Amino acid sequence: MNPIEWADPSILYGLALVPLMVWWRRHRSREPAMTYSTLGLIHAVRATRRQRLRPWFELAPMIVWSLLVVAMARPRETHVGSQVTAEGIDIVLALDISRSMMIEDMSGRNRLDAAKDVAERFVRGRTSDRVGLVVFAGRSFTQCPLTVDYDILIQLIRDVRIGMVEDGTAIGMGLVNSINRLRESQAKSKVIVLLTDGQNNRGEIDPLTAADIARALGIRVYTIGAGKDGFARIPVDDPFFGRQYVSAEVKIDEPTLTSIAETTGGQFFRATSQKMLEEIYDRIGRLEKTKIDVHTYVRYRELYPYLVLPALLLLVLYEVLRRTYFFTLP
C-alpha cells in the first residue's frame, strides 16, 4: 500500500471545532414556543421514530465540517519510483578446460571446479551487463553468447566439463573466439577475462597476435594464471582400475599472459588458491563497474475529491430533511 501524506496538514487543526459544535448543540438555550402547566402527560408518550433519529440527524453538520476540513488538508497518495539508466559492459569469460585443470591444488579442489564457482559468483554480481562464456582446450567454442539472462549463463557454466573438446591449450584460439563475440558490440566497455593454467601449445593463432587484434578493436583483456607451477598429480579415470593419478610438469606462461594484458590495457593476475581467485574476480568487478544513473520521482494522487463529494451530498440531504421530515415550528 502506498503511503498517504498531507499537502497542508495545519488545516487539520480545524477538526478541533467539532467538540465545540457538539457542546454548543447540547447546551444552547432555547426559548419555549408554548407554555404548559404540566409536562407529565407528554413524558408518558413514547418517542416517535423521527424523535429517535433527530440526534443522529444533528450530527450531519459536524460530519460535513470534518469531511471538508480533511479535504482542504489535501490528503494524497504518493507513488515513489525511479528511472535507472545503465551504461552496460560486455564481458566474455574465456575458460581453459584442458586436462591439467583437473589438478587439485585450489584449496583442496580442482582448478576447473574452483574457476566455475568463482565465475558463477562473478556473474551473479553483475546487474545490466551482457556476459558470455567461451571455453578452450585443443580447440575453442562458444558455450554461451553474450546475454543478460544470468540464470541460463550460470547453468551453462555448471555444465562445463573436461573432455568437451580434444585436449591441449589453445590460448590464442580461445582469445580470438572471445574477440569475435565482442567484435560487433556497441558497448562503451568491452572486456575479456581469460583464465588458463598452462602454455599455448595448440591452435593456428599466436596469443600475442590475438592480443593485437583485441587492442585494435578496443577490447581490454584481463588474464589469470590459475594454480601452482611444477610437478603435479593429474587424476585420470581408468575404466578398469578407476581413478588413477599421473605425474606431469605444469608451467604457466606468465610472460605471455602479462604481455596480453599489457597490450590491451588490462592486468595479469596469479591465483594459487580459490580465495585468491575470488579476490581477483572481485577486483576485476570493481575495475569494470557499470555506470548507473538513478533518477527518483514522486507522483501524487489527490484524494480530496473522495471527501468533498460525500460532504456535499450529505449537506444537500441535511437541508432537504431539515425543511421536510425534521421540520419544526419555532
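Structure: see above.
Within each chain, residues carry numbers counting from 1 in the order of the written sequence. This being a predicted model, a pLDDT of at least 70 is required before a residue's local features are given, and a value of 80 or more before pairs of side-chain atoms are given or counted; all residues contribute to the totals for chains, interfaces and linings. Just so you know, side-chain values use all the structure's heavy atoms and leave hydrogens and water out.

Before going further, it helps to spend a moment on the packing of helix α4 (residues 60–72) against helix α11 (residues 305–323). Following both chains from N to C, one finds α4 and α11 inclined at 160°, their axes separated by 9 Å at the closest point. Of the possible angle classes, the one that applies to α4 and α11 is roughly antiparallel. In this structure, α4 crosses over α11, and the sense of that crossing is left-handed. Contacts between α4 and α11 involve Ala60, Pro61, Ile63, Val64, Leu67, Leu68, Val70 and Ala71 from the first element and Leu307, Val308, Pro310, Ala311, Leu314, Leu315 and Tyr318 from the second. Looking at side-chain class alone, the contact of α4 with α11 contains 15 nonpolar, no polar and no charged residues. Helix axes are fitted to C-alpha atoms over the stretch in contact, other axes to C-alpha atoms as well, and angles between N-to-C directions run from 0 to 180 degrees. Helix and strand assignments follow DSSP, with helices taken as H or I runs no shorter than four residues and strands as E runs no shorter than two, numbered in order from the N terminus. For this classification, under 35 degrees means roughly parallel, over 145 means roughly antiparallel, 65 to 115 means roughly perpendicular, and everything else is oblique. Handedness of a crossing is defined here by the sense of rotation of the near helix relative to the far one, left-handed for an anticlockwise turn of less than a right angle and right-handed for a clockwise turn. The contact definition used throughout considers only heavy atoms, calling two residues in contact when any of these lie within 4.5 Å. When residues are grouped by polarity, Ala, Val, Leu, Ile, Met, Phe, Trp, Tyr, Cys and Pro land in nonpolar, Asp, Glu, Lys and Arg in charged, and all others, Gly among them, in polar.

A separate point is helix α5 (residues 111–124). Each full turn of the α-helix corresponds to 3.6 residues, which orients residues three or four apart in the same direction. An ideal rise of 1.5 Å per residue puts 20 Å on 14 residues; α5 measures up with 20 Å between its terminal C-alpha atoms. Buried, partly exposed and exposed residues are distinguished by accessible area as a fraction of the type maximum, computed with a 1.4 Å probe on protein chains only: under 20%, between the cut-offs, and over 50%, respectively. The buried fraction of α5 is high, at 10 of 14 residues. All of the buried residues along α5 are Arg111, Leu112, Ala114, Ala115, Lys116, Val118, Ala119, Glu120, Phe122 and Val123. We call two N or O atoms a polar contact when they sit within 3.5 Å, provided that within protein one can donate a hydrogen and the other can accept it, with sequence-adjacent residues counted only if both atoms are side-chain atoms. For α5, the capping residue at the N-terminal end is Asn110, with a side-chain oxygen 3.1 Å from the backbone nitrogen of Leu112. What a helix should span is 1.5 Å times the count of its residues minus one.

So, about the pattern of salt bridges. Any two side chains of opposite charge can pair, on the condition that their charged atoms come close. The rule for a salt bridge is simple: a side-chain nitrogen of Lys or Arg has to be within 4 Å of a carboxyl oxygen of Asp or Glu. Considering all chains together, one arrives at 20 salt bridges under this definition. Here Glu5 ties to Arg76 by a salt bridge, and the two come within 3.2 Å at their closest N and O atoms. With Glu5 in strand β1 (residues 4–6) and Arg76 in strand β2 (residues 75–87), the pair connects residues that are 71 residues apart, well separated along the chain. A relative accessible area of 29% means that Glu5 is categorised as partly exposed.

Between any two strands, pairing holds if DSSP finds at least two bridges. Read from one edge of the open sheet, six strands run β5-β4-β3-β6-β7-β10, paired in mixed fashion. The open sheet terminates on both sides in strands that have one partner only, identified here as β5 (140–147) and β10 (268–271). Taking the axes of each pair of neighbouring strands and ignoring which way they run, one obtains an average angle of 15° across the sheet. Direction of pairing for strand β3 (residues 89–96) relative to strand β4 (residues 130–136): parallel, over a ladder of seven bridges. By the bridge assignment for β4, Leu93 is matched with Leu133. Along the sheet, α5 makes contact with β3, β4, β6 (189–196) and β7 (219–226), crossing β3 at roughly 170°. Contacts from helix α9 (residues 254–264) reach β6, β7 and β10, with the element oriented near 160° to β7.

Let us now look at empty space enclosed by the protein. Of the grid points, spaced at 1 Å and generated over the protein atoms alone, those admitting a 1.4 Å probe that cannot get out make up cavities, while open sets with protein on both sides within 12 Å along at least five of seven lines make up pockets; any residue with an atom within 4 Å of a point is treated as lining. Grid points are joined across faces, edges and corners, and a volume is the space filled by probe spheres set on the points. Throughout the structure, instances matching the rule amount to one cavity of 30 Å³ or more. What lines the largest cavity is Leu93, Ala94, Leu95, Ala115, Ala119, Leu133, Leu195 and Tyr281. Here the lining of the largest cavity takes three residues from β3, the largest share from any one element. Here the residues of the lining of the largest cavity are counted per class, giving eight nonpolar, no polar and no charged.

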